[in-house]
Amino acid sequence: MPKLTNNRVPTYRFHRCSGQAVVTLCGKDHYLGPHGSQTSKNEYDRLIAEWLANGRTMYVGASSESALTMVELIAKYWVHVTTYYVKDGRPTSEQGAVKNVCRLLRKLYGRVPAEMFGPSSLKAFRQQLIDKLLSRKHINDQVSRVKLMFKWAVSNELVSVSVYQALQTVSGLRAGRSKARETEPVRPVADEHVDAIRTYVSRHVWAMIELQRMTGMRPGEVVIMRAADIDMTGSVWRYSPAVHKTEHHGHTRIVDLGPQSQAVVREFLSANTQAYLFSPLEAEEERRRRMRGSRKTPVQPSQLDRRKPNPRRRPRSHYTTDTYRRAIQRACDKANASIRQGEGQEEASIPRWHPHQLRHNFATRIRKQYGLEVARLLLGHRTMAVTEVYAEIDRNRVTEVALQAC
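Residues numbered from 1 in each chain as written. Predicted model: local features only at pLDDT ≥ 70, side-chain atom pairs only at ≥ 80, totals over all residues. Heavy atoms only, no water.

Considerations on the overall build of the protein chain
Heads up, the rule is: Comment: elements are numbered from the N terminus, with helices defined as DSSP H or I runs of at least four residues and strands as E runs of at least two. Residue exposure (1.4 Å probe, protein chains only): buried if accessible area is under 20% of the type maximum, exposed if over 50%, otherwise partly exposed. When checking whether two residues touch, look at their non-hydrogen atoms; a contact exists if any pair is within 4.5 Å. Shrake-Rupley sampling with a 1.4 Å probe provides the accessible areas, and residues are treated as covered by the protein chains on show and by no other component.
Scanning the protein chain from N- to C-terminus turns up 16 helices and eight strands. Residues classed as buried in the protein chain amount to 37% of the 406 residues present. For the protein chain, the proportion of contacts with a sequence separation of at least 24, taken over those separated by at least 6, is 60%. For the protein chain, the accessible surface area stands at approximately 24,700 Å², while carbon and sulfur atoms represent 50% of it.

Quick look at the structure:
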C-alpha cells in the first residue's frame, strides 16, 4: 500500500481473493465484510472514525469469538430501558434519547466485542455527534448515556468493571474548547412579544400563558391541570400536579395560586373534576362555533357538519408540551405575517418564543421584587444554584450599587 500523506485517509478497497472489502490501518489489513455491502461500509466508517480519534493509530485489545458484542449488549440494555423509563404506564422521553444513542452505537460498533469498547471508541462516537452539528450539551448528555449503559452492564456482570472505569476517564466537552455547536441560554421573553399573540391563540392557550406568567409553572405542569388536583379550601389555592419533573426523586410539587390565578382557573372549572381544564378538543369546538357565528350566508344542510367521520388525527383531551409550544409559535408566525402585511415590513419583528421562557420571566420578576429565596420556593427548586439559572440578574440595581460603592 502506498504511503499516505498527512491529510489522506486509508481507502475502502476490494480484496480479490476473499471478495471482501478491506482497509489497511497502521500496516494491518482489516476485513470489513462483503464488498459493496452496507455492513462493510458501516464497519469502514467505524474504523476510520476510531483511527482518527486515536491520533491516526489503532488500539489493539483482546478479542474473543465468544465475547458479548455491542449489538448483543444494546439488545439486553434496551429491554431494561423499556421497563425502567416508564411513568404511569407510558414511556418517558428518555427512551427516545437512549434509542438514538443505541442506533448510532449499533451502526458503528455492532460487531465489536463490548470488552473492546474503550475511550478511543467513545471519542470516535462523540466525534460522530459533533459532525452532525449537535449542541455541546446534548453531546455530553448522549456520551453520559453510553457510560450509563456500561455501568448497567457491569452491575449485571456482562462486562468487566475495567471497561466502565476506562470510559469514565473521557471527560465532557468544555465550552469554547471543542468544535461542538454552542447554544444560547434561555432568556425571558419580552412582555410585548407575549401580548402580541393574544388574538392569534385560543382562550385555552392564552389562559395557560397567563398562568405561567403568574405562577412560574413548567409547561408540563400547566397543560395537565385538573380541578381534582387543586386544593381550593384556603385563600391561596394549592395545585399539586399529578405528574411533575422531580416526582421520581420523591419530591412534592405545590404551585400556589393567588387571586389573579384563581380568576383564570375559575373560567374553566366544570362539574367533572377529573377533566383537564385546558382541552384542544374544546378549543376546536369553540373555533368552529365562532366561524359558524360569523358566517354571513345561510347554512346549507350539507354544510351543517363537514367533519370527517374517521379523521386520522383527533384533538386530544389535553395539550402536550409539544402541542402547546407549536400553538404559540404558530401564533408568532401569524402575528408577524399580519405586521408585514399591514406595515410593509420584510423582516419579522416578533421572535418565535417558547413557553419555557415564561418560567424565566416569572423567576426574574420575583427575584427582583422579593429576593432569590422566595423565587426558589415558588419555583419549587431545591437549591439556589438552580434558581439562579432561571432568574436574570437585575443589572440596573447592580449599576446603582456600583456607582455608589465602587
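Having seen the structure, we can now continue with the description.
Side note on the pairing of strand S3 (residues 28–34)
Cut-off, in case you're wondering: In this scheme, strands are said to pair when DSSP sees at least two bridges between them.
Sheet analysis places strand S2 (residues 20–25) next to S3, joined by six bridges and oriented antiparallel. Of the residues in S3, the one forming a bridge with Gln20 is Pro34. The antiparallel pairing of S2 with S3 creates a hairpin that spans two residues between the two strands, and Cys26 there sits at a positive phi of about 55°.

Structural notes on the sheet that holds strand S7 (residues 237–239)
Picture the strands of a sheet paired through backbone hydrogen bonds; they go either parallel or antiparallel. Spatial ordering of the open sheet is given by S6-S7-S8, a layout of three strands whose pairing is antiparallel. Across the chains shown, the open sheet's two edge strands, defined by having one partner strand only, are strand S6 (230–231) and strand S8 (255–257). Where S6 lies against S7, two bridges are found, and the strand directions are antiparallel. The residue of S7 that forms the bridge with Ile230 is Tyr239.

Some words on unusual backbone geometry
Among all residues except glycine, the phi angle is most often negative; among peptide bonds, the trans geometry is most common. Backbone geometry places Leu133, a non-glycine residue, at a positive phi of 65°. By the secondary structure assignment, Leu133 is in the loop between helix H4 (119–131) and helix H5 (136–155). Under the relative-accessibility criterion, Leu133 is labelled exposed at 62%. Although it is not a glycine, Glu157 adopts a positive phi angle of roughly 60°. If you trace the backbone, Glu157 turns up in the loop between H5 and helix H6 (161–167). The exposed category is assigned to Glu157, whose relative accessible area is 73%.

Description of the packing of helix H1 (residues 38–53) against H4
The criterion, for reference: Axis geometry follows a simple rule: fit a line to the C-alpha atoms, using only the stretch in contact for helices, then measure angles between N-to-C directions, giving values from 0 to 180 degrees. In what follows, roughly perpendicular refers to angles from 65 to 115 degrees, roughly parallel to angles under 35, roughly antiparallel to angles over 145, and oblique to any angle outside these ranges. Each residue gets one of three labels, nonpolar for Ala, Val, Leu, Ile, Met, Phe, Trp, Tyr, Cys and Pro, charged for Asp, Glu, Lys and Arg, and polar for the others, Gly among them.
Running from amino to carboxyl end, H1 crosses H4 at an angle of 105°, the nearest separation of the two axes being 8 Å. Our classification of the angle between H1 and H4 gives roughly perpendicular. Contacts between H1 and H4 involve Ala49, Glu50 and Ala53 on the former and, on the latter, Ser120, Ser121, Lys123, Ala124 and Gln128. Each residue belonging to the contact of H1 with H4 can be placed in one class, and the counts come to three nonpolar, three polar and two charged.

Looking at the environment of Tyr85
On the secondary structure map, Tyr85 appears in the loop between helix H2 (70–84) and strand S4 (86–87). On the accessibility criterion, Tyr85 (15% relative accessible area) is buried. A C-alpha to C-alpha distance of 6.3 Å links Tyr85 and Gln95, two positions 10 residues apart in sequence. Ignoring anything within four residues of it in the chain, the contact list for Tyr85 reads Arg90, Pro91, Thr92, Glu94, Gln95 and Leu148.

Things to note about the packing of helix H3 (residues 93–109) against H4
We apply this condition: We call a crossing left-handed when the near helix sits turned anticlockwise from the far one by less than a right angle, and right-handed when that turn is clockwise.
H4 packs onto H3 with a crossing angle of 120° between their chain directions and a minimal axis gap of 11 Å. One way to sum up the angle between H3 and H4 is to call them oblique. The element H3 and its partner H4 pack so that their crossing is right-handed. Contacts between H3 and H4 involve Val101, Leu104, Leu105, Leu108 and Tyr109 from the first element and Ser121, Ala124, Phe125, Gln128 and Leu129 from the second. Residue composition of the contact of H3 with H4, grouped by class: eight nonpolar, two polar and no charged.

Details of the side chain of Arg145
Going by this rule: Here a polar contact means two N or O atoms within 3.5 Å. Within protein one must be a hydrogen donor candidate and the other an acceptor candidate, and residues neighboring in sequence count only if both atoms are side-chain atoms.
Residue position: Arg145 is located in helix H5. Arg145 gets classed as buried once you look at its relative accessible area, which sits at 18%. In this structure the side chain of Arg145 is engaged in a polar contact, spanning 2.7 Å, whose partner is the side chain of Glu94.

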